[in-house]
Amino acid sequence: MQSHPAPDLARFRWRLLAQGDSWFSTADDKIKAHANLLQEMVYKDPTCAVNCAGKGGALSHLVDLESAPDFVRLLSSPEAPPWDGVLLSMGGNDLISAAQTPAHQADGERVPLHLRLLRHQTEWGAPSTGVARYFSEPGWATYSEYLRTNVRHLLTLRDQGASVGKPVFMHCYAVPMPRPAGAEDVGLGQSGPWLYPALKAYALPAADWAAVSRLMVFHLALLLKSMAADKEQFPGLHVFDSTTVPLAPATPGSSGSSGDWHNEIHLNHSGCFKIARAWSEHVEAVLNGVKTVEPVSKRRS
């Protein structure tokens, strides 16, 4: 949505452009829950963020750029203003979608392992491997290449406009508890729940659901941090590890707001507050030229 006249950004020390998934959404359900990550970010210097996530397509895939013309225009067009940085909330919804991919097509034919993240019971590995026995490494390789390719494309768009070389900030995700807690408003794109029915469909033991969720989120965190460490392929990419922020987990089996979670995969006010304040410090440190440490930690399952 464009405002007329355009807002005056000159009075701000830092001017940021934002685009992303439902963690940046301005859907009514998210606003009522005070659960928009951007709204909880606080900076020492006057800072504004022009959010292109909007209400629609809140659960769309990360690089559905055809449905985000304002973001592309503001980032890469000849008349685009120079931004001090770009905030991206991307990858989490694609991870959920990949986990939702069923083991079988409608005609009963098995979906190849490289096209899904979970394994059918007949494909489970040895119990000694823990919850990794449910996980499709070929599917993860497909997802990883998809994410890497499209983030590279976004960095190319950045370098086509006046913000060439400016920092691009991404965050990892917190670990959700698979539970029957959907959205109260279809403004989030899907009513949910999201992981809960997928894990049930794959007949994964309920006792392992939390660990499976953790495995997937930490795989994504490791991937994002490895991308940020690769300055040749991902110049100017900075990743904040949200998994390091202590959150109150939702109660297993609960159906409403619980702990720091508004529903199964979206944070409530307190959850957003905790992650956004920590991410703000990371972003502002980079903008001020302070060297940040973005280690690639060992994979945890």
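Residues numbered from 1 in each chain as written. Predicted model: local features only at pLDDT ≥ 70, side-chain atom pairs only at ≥ 80, totals over all residues. Heavy atoms only, no water.

Attention now moves to the overall build of the protein. From N to C terminus, the protein includes seven helices and five strands. Counted from the first residue to the last, the protein has its helices and strands arranged as β-α-β-α-β-α-α-β-α-α-β-α. Considering the protein as a whole, with its 301 residues, one finds that 51% of them fall into the buried category. Considering only contacts in the protein between residues 6 or more positions apart, those separated by 24 or more positions represent 74%. About 13400 Å² of surface is accessible on the protein, with carbon and sulfur atoms providing 56% of the total. (Helix = DSSP H or I, 4+ residues; strand = E, 2+ residues; numbered from the N terminus. Buried < 20%, exposed > 50% of the residue type's maximum accessible area, 1.4 Å probe, protein only. Contact = heavy atoms within 4.5 Å. Areas by Shrake-Rupley, 256 points an atom, 1.4 Å probe, with all protein chains shown as cover.)

A few words now on the environment of threonine 251. Note on placement: threonine 251 falls in the loop between strand S5 (237–240) and helix H7 (269–287). A C-alpha to C-alpha distance of 7.6 Å links threonine 251 and methionine 177, two positions 74 residues apart in sequence. Setting aside residues no more than four positions away along its own chain, threonine 251 makes contact with Arg179 and Ser258.

What follows covers the confidence of the model for the protein. The predicted structure's coordinates, where accompanied by low pLDDT, should not be read in detail. Summarising the model, the protein shows a mean pLDDT of 88, and 85% of its residues fall at 70 or more. For the stretch residues 56–60, pLDDT sits under 50, and the model shows 14 contacts to residues farther than four places along the chain or on other chains. Predicted confidence for residues 295–301 stays below pLDDT 50, and this span has 15 contacts to residues more than four positions away or in other chains. (pLDDT = per-residue confidence, 0-100.)

So, on to the sheet that holds strand S3 (residues 85–89). Strand order in the open sheet made by the five strands is S2-S1-S3-S4-S5, with parallel pairing throughout. In this open sheet, the two edge strands, each paired with only one partner strand, are strand S2 (47–51) and S5. Strand-to-strand twist across the sheet, computed as the mean angle between neighbouring axes with direction ignored, equals 25°. (Pairing = 2+ DSSP bridges. Axes fitted to C-alpha atoms, helices over the stretch in contact; angles between N-to-C directions.)

Our focus in this paragraph is the packing of aromatic side chains. A full pass over the atoms with the stated rule returns six aromatic pairs. Centre to centre, the rings of tyrosine 196 and tryptophan 209 are 5.5 Å apart; their planes meet at 90°, and the pair counts as edge-to-face. Of this pair, tyrosine 196 sits in helix H5 (residues 195–201) while tryptophan 209 sits in helix H6 (residues 209–229), and the two are 13 residues apart along the sequence. Take tryptophan 209: its relative accessible area is 13%, and that puts it in the buried class. Three or more aromatic residues joined by ring pairs form one cluster here, namely Phe135, Trp140 and Tyr143. In this structure, arginine 13 is placed above the aromatic ring of tryptophan 14, and the distance from its NZ or CZ to the ring centre is 3.7 Å. (Phe/Tyr/Trp six-rings, centres within 6.5 Å; stacked < 30°, edge-to-face > 60°. Lys NZ or Arg CZ within 6 Å of the ring centre and 35° of its normal.)

For the structure on display, the rule yields eight salt bridges. Between arginine 15 and aspartate 84 there is a salt bridge, with its nearest N and O atoms 3.8 Å apart. In this pair, arginine 15 sits in strand S1 (residues 14–20) while aspartate 84 sits in the loop between helix H2 (69–76) and S3, placing the two residues 69 residues apart along the sequence. Take arginine 15: its relative accessible area is 23%, and that puts it in the partly exposed class. The partner of arginine 73 in a salt bridge is aspartate 70, with the nearest N and O atoms 3.5 Å apart. With a gap of three residues between them, arginine 73 and aspartate 70 both fall in helix H2, about one helical turn apart. What makes arginine 73 partly exposed here is its relative accessible area of 30%. (Salt bridge = Lys/Arg side-chain N within 4 Å of Asp/Glu carboxyl O.)

A word on the side chain of serine 213. You can see serine 213 is positioned in helix H6. Within the local environment of serine 213, its side chain forms a polar contact with the backbone oxygen of proline 176, the two atoms lying 2.6 Å apart. When neighbours within four sequence positions are excluded, serine 213 is seen to be in contact with Val175, Pro176, Pro178 and Leu195. (Polar contact = N/O pair within 3.5 Å; in protein donor to acceptor, adjacent residues only side chain to side chain.)

A word on the packing of helix H3 (residues 92–100) against H6. Look at H3 against H6: their axes get within 11 Å of each other, and the N-to-C directions meet at 135°. Regarding the angle of H3 to H6, the classification is oblique. Crossing geometry of H3 relative to H6 is assigned as right-handed. On H6, the residues touching Gly92, Leu95 and Ala99 of H3 are Met216, Val217 and Leu220. Classifying every residue of the contact of H3 with H6 by side-chain character gives five nonpolar, one polar and no charged. (Parallel < 35°, antiparallel > 145°, perpendicular 65-115°, else oblique. Left-handed = near helix turned anticlockwise from the far one by under 90°. Nonpolar A, V, L, I, M, F, W, Y, C, P; charged D, E, K, R; others polar.)

Here we take up H3. For H3, the tally of buried residues reaches seven of nine residues, placing the bulk of the element in the interior. Contacts made by the buried residues of H3 are with helix H4 (137–158), H5 and H6.

The next subject is H2. What H2 keeps buried is the set Phe71, Leu74, Leu75 and Ser76. Along the axis of H2, the buried positions cluster into a sector of 165°, meaning they face one direction only. (Arc of directions from axis to C-beta.)

This part is about the pairing of S5. With burial as the criterion, each face of S5 is covered, one bearing Leu237 and Val239 and the other bearing His238 and Phe240. Note that strand S4 (residues 168–171) and S5 share four bridges and pair parallel. Bridging across to S5, histidine 171 finds its partner in phenylalanine 240.

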